[in-house]
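# Fold and contact review
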Amino acid sequence: MKPRLTPIHSLTPSGQASENKHSNTYNTKISHSHNVTELKRKSSENRTPITSRTLKSRIKQMLQGNAKVGSPQSNKLQRLQKESIEEAIAQAQKDRLGGTEYDIGPFYGLPSKVEELFTKHRKIKSLYEWQKECLSLPAIQQRQNLIYSLPTSGGKTLVAEILILRELLCRKKDTMLILPFVSIVQEKVRGLAPFAVDLDFLVEEYAGHKGHMPPKMRQKSNSLYICTMEKANGLVNCLIEMGKLDNIGLVVVDELHMLGEGGSRGAVLEMTLTKLMHASTDCQIIGMSATLNNTSDLTRFLQAELYSNNFRPVELTEYVKLEDNIFTVNADTIIPDEKLRHDRIVSYPYTSKMVKQDPDHLCGLVSEVIPDKSCLVFCSTKKNCENVAVLLCEMMPRHLKGRNRQAREALYRTLKEEGNGQMCPVLRKTVPYGLAYHHSGLTMDERKLIEEAYSEGTLCLLTCTSTLAAGVNLPAKRVILRAPYVGMNFLQRSQYKQMVGRAGRAGIDTSGESIVIVKKKDKEKLLDLISGPYDSCMSSLMYDSAKGVRSLLLTTIGLKLTPTIESVIELMRRTLLDIQSSTLGLDIPDITKDALQSLIDLGMVKQTRTRIDGSDDPLSQITSQSPIITHIEVTRLGKATFKGSVDIQRAPTLFTDLCKAQKSLVVSNHLHLLYLATPYDYRSGQH
Ligand SMILES: Nc1ncnc2c1ncn2[C@@H]1O[C@H](COP(=O)(O)OP(=O)(O)OP(=O)(O)O)[C@@H](O)[C@H]1O
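Report follows, based on the coordinates. Being a predicted model, the structure only gives us computed values, none of them experimental.

### Regarding the overall build of the protein
Of regular secondary structure, the protein possesses 31 helices and 20 strands. Taken over 687 residues, the protein has a buried fraction of 53%. In the protein, the proportion of contacts linking residues at least 24 apart, taken out of those at least 6 apart, comes to 72%.

### Description of the pairing of strand β14 (residues 461-464)
What you see with β14 is no split at all: L461 and T463 on one side and L462 and C464 on the other are buried throughout. In this sheet, β14 lies alongside strand β12 (residues 375-378) in parallel orientation, the contact comprising 4 bridges. The residue bridging L376 from the neighbouring strand is L462, located in β14. With 4 bridges joining them, strand β13 (residues 435-438) and β14 adopt parallel strand pairing. Residue pairing for β14: H438 is matched across the bridge by C464.

### Quick word on the site of the ligand
Close contacts around the ligand come from 15 residues, with S126, S153, K156, T157 and R502 the closest. Here a nitrogen atom of the ligand sits 3.3 Å away from a polar atom, N or O, in the side chain of Y128. At 3.0 Å, a backbone N or O of G155 approaches an oxygen atom of the ligand. The protein chains hide 82% of the 630 Å² of surface that the ligand would expose on its own. The element that contributes the greatest number of residues to the shell around the ligand is helix α9 (residues 156-170), accounting for 3 residues. When grouped by side-chain class, the residues that make up the shell around the ligand number 5 nonpolar, 8 polar and 2 charged.

### Details of helix α20 (residues 444-456)
Here α20 is 13 residues long and its end C-alpha atoms lie 18 Å apart, about the 18 Å a rise of 1.5 Å per residue gives. Among all positions in α20, only E446, R447, K448, L449, I450, E451, E452, A453 and Y454 are buried. Immediately beyond the C-terminal end of α20, within one or two residues, lies G457, with a positive phi of roughly 100°.

Parameters and conventions
- Residues numbered from 1 in each chain as written.
- Predicted model: local features only at pLDDT ≥ 70, side-chain atom pairs only at ≥ 80, totals over all residues.
- Heavy atoms only, no water.
- Helix = DSSP H or I, 4+ residues; strand = E, 2+ residues; numbered from the N terminus.
- Buried < 20%, exposed > 50% of the residue type's maximum accessible area, 1.4 Å probe, protein only.
- Contact = heavy atoms within 4.5 Å.
- Pairing = 2+ DSSP bridges.
- Near = heavy atom within 4 Å.
- Polar contact = N/O pair within 3.5 Å; in protein donor to acceptor, adjacent residues only side chain to side chain.
- Areas by Shrake-Rupley, 256 points an atom, 1.4 Å probe, with all protein chains shown as cover.
- Nonpolar A, V, L, I, M, F, W, Y, C, P; charged D, E, K, R; others polar.
- Expected span 1.5 Å × (residues − 1).

Bear in mind that shape data such as this cannot, by itself, settle questions of function.
Given below as structure tokens:
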């Protein structure tokens, strides 16, 4: 019998997490990785087909077995693990070469065991020069805030991970890693779980429906919270409320430029960082990005030092295809006419039918790389991804068929099993040819299977949307941008850079290349795309008529961080919005006053005035000479609104509706209850 492809998610601790909604912590007392490795070994030795389902249940069974408190085997395992960590730390202390009081070892202040783990799990043998330089910056030694900026795939994450491990192991503090998307959080949780197992800390996933609020306070181990931006905000609120914010020693923000996203996500990130800066006495903040422009605003906002470098481990050559011509991008010159250098004219043996089907020669461009090397084709819409994948299979069947047959068949079967016998007709058609699409329409399991199959070489090409560019580590020899658009919008330079940055697989290729296919009408805009400055990262707090400001004030008043008008003003001074107020032409005191007034008008915040001498109602004691101070606090409605993350504008209507419902709720069937519980957005059919 043929071996079956084993889905990665069922082999990792996250497989266990998805079986049990509430289990989102990687308890290092349970040796997951050992079980996983053992299972993998046995499965390959016996060459017995293992279905994802039986494997899942076997892992679950083993984990449950391990977790039984007091079982002699688990006690022994725990003891051995603890002993080996203590031994490693003792050895590290012996080996320590200078450093700060917190260093416990020779590997950038960490035990050599950490170096071994990076070699074992990441195949990293030594750090790049810039990584060494960055880790020895005075800002890092003195635990100051730092922003570092390097091109995509420059190895930024490794520096962040070393800093996180130092905080967890040497300073024994909790840490937080903020990432932009749920899928990236999940990938990172999987990537760091083996480190947690071997180094005795906890990895806690805060994304989607996962993550305890308030967080569980751990006595024995420190936690690394890996969060989406929204969850990080909730977590910081909880920690402030519990008086435990100082448990967090380090917060790392990946894709810091998302502060300027313009909508609620950028605002949420700014609120989180503002609250951290305002309320924490000891937390270091590290921000990273590949696409920063106005760094001085950001360093002022985070009171941070800046480190930047242009290092890229694999050389990237950017090309533009315009009609039948391919041009090399020369972004360094300031002379517009020299930004595009003619490279070659493309000519492929297309029949007239093929020219009609594929006027942009996508098939020809792709066939220069696949199936021997990998290729990513970015498309502007999900539908386009699917169409392009089908088109390529139809146009080059002989070129693609017959390779990696067994692995492709195994992937096909596993995808079908994941869908309980059903399979998307597009994937059904494309997977046997080694192609697939990758967009948000896939289930999480399908996405993981496709990502793993691509990384292993079972699939040689993915057609994908822009979301693949923002972090998931799936590099390719050649990256093609089918058109310089996301949906209907022309690409921003930062989006373009993220996409082309996927080209070149470190450790596999010595170079990578990108080709953006452009129509003549877009030629002018193209120059900005390939060589213009990055868009400035501007505060998002003013989105939707200052919704971010109102939300920030309601939360900080609710958390008792800003109990007076003066403290509200002081908090607002810490925002990126305040730093950029003159550029944006905004009057922050006016905006603050308006936002406060609107919260008062909505019945979410109330004021009480007292005299400084403590006498009661100031208005009835006009004779007193003592100055008046105005206290502000949230009402019950205000508290419910920020705790429930309810839209501030909608909360009063929701409250009125609930009051009505309380008096006269008649639930004739389940649908009635569902109707009452459906958010307004969904009811009005916006989704
Ligand atoms: N010192 C190193 N030696 C070898 N490989 C490395 C080293 N540092 C990082 N890498 C590898 O390079 C690849 C890209 O690194 P990483 O994801 O950290 O880049 P990044 O700068 O965070 O990119 P992005 O901006 O896309 O998030 C990864 O596969 C990583 O394991």
